[in-house]
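# Coordinates in review
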Amino acid sequence: MEFREIYCSNCKKILGRYNIKFYSDDKIGEILNTHHISHVRNGHQVTIRKFVKNTRS
């Protein structure tokens, strides 16, 4: 399963993880601007990165 993570380098924590199947790049940008804008305003370095979770049966 593939996800996109919103990661704050200053806090060294994941702010959110969103499934690529349901959230497009535009939606991720919108979420970043509405929910995680405080990190950006405080001058933190926020990145969007791809995360692949291996599912084993």
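Below is a summary of the structure that appears in this document.

Criteria and thresholds
Residues numbered from 1 in each chain as written. Predicted model: local features only at pLDDT ≥ 70, side-chain atom pairs only at ≥ 80, totals over all residues. Heavy atoms only, no water. Core = buried A, V, L, I, M, F, W, Y, C linked by side-chain atoms within 4.5 Å. Buried < 20%, exposed > 50% of the residue type's maximum accessible area, 1.4 Å probe, protein only. Helix = DSSP H or I, 4+ residues; strand = E, 2+ residues; numbered from the N terminus. Contact = heavy atoms within 4.5 Å. Pairing = 2+ DSSP bridges.

## Here's the deal with the nonpolar core
Here is a general trend for soluble globular proteins: nonpolar side chains tend to be buried in one another's company. Formed by Ile 6, Cys 8, Leu 15, Tyr 18, Ile 28, Ile 31 and Leu 32, the largest nonpolar core amounts to 7 residues. Those elements that place two or more of their residues in this core are β1 (2-8), β2 (13-19) and α1 (25-35). Ranked by the residues each element gives to this core, the list is headed by α1, at 3 residues. If we skip the residues at most four places from it in the chain, Ile 28 touches Arg 4, Ile 6, Tyr 18, Tyr 23 and Ile 48.

## Digging into the pairing of β1
Counted residue by residue, β1 has 5 buried out of 7 residues, so it is predominantly covered. Sheet topology places β1 next to strand β3 (residues 46-52); 7 bridges connect them, and they run antiparallel. Within the sheet, the bridge partner assigned to Glu 5 lies in β3 and is Arg 49. Across 6 bridges, the pairing between β1 and β2 is antiparallel. Looking across to β2, one finds that Cys 8 is bridged to Lys 13. Linking β1 to β2, which pair antiparallel, is a turn of 4 residues; within it Lys 12 sits at a positive phi near 55°.

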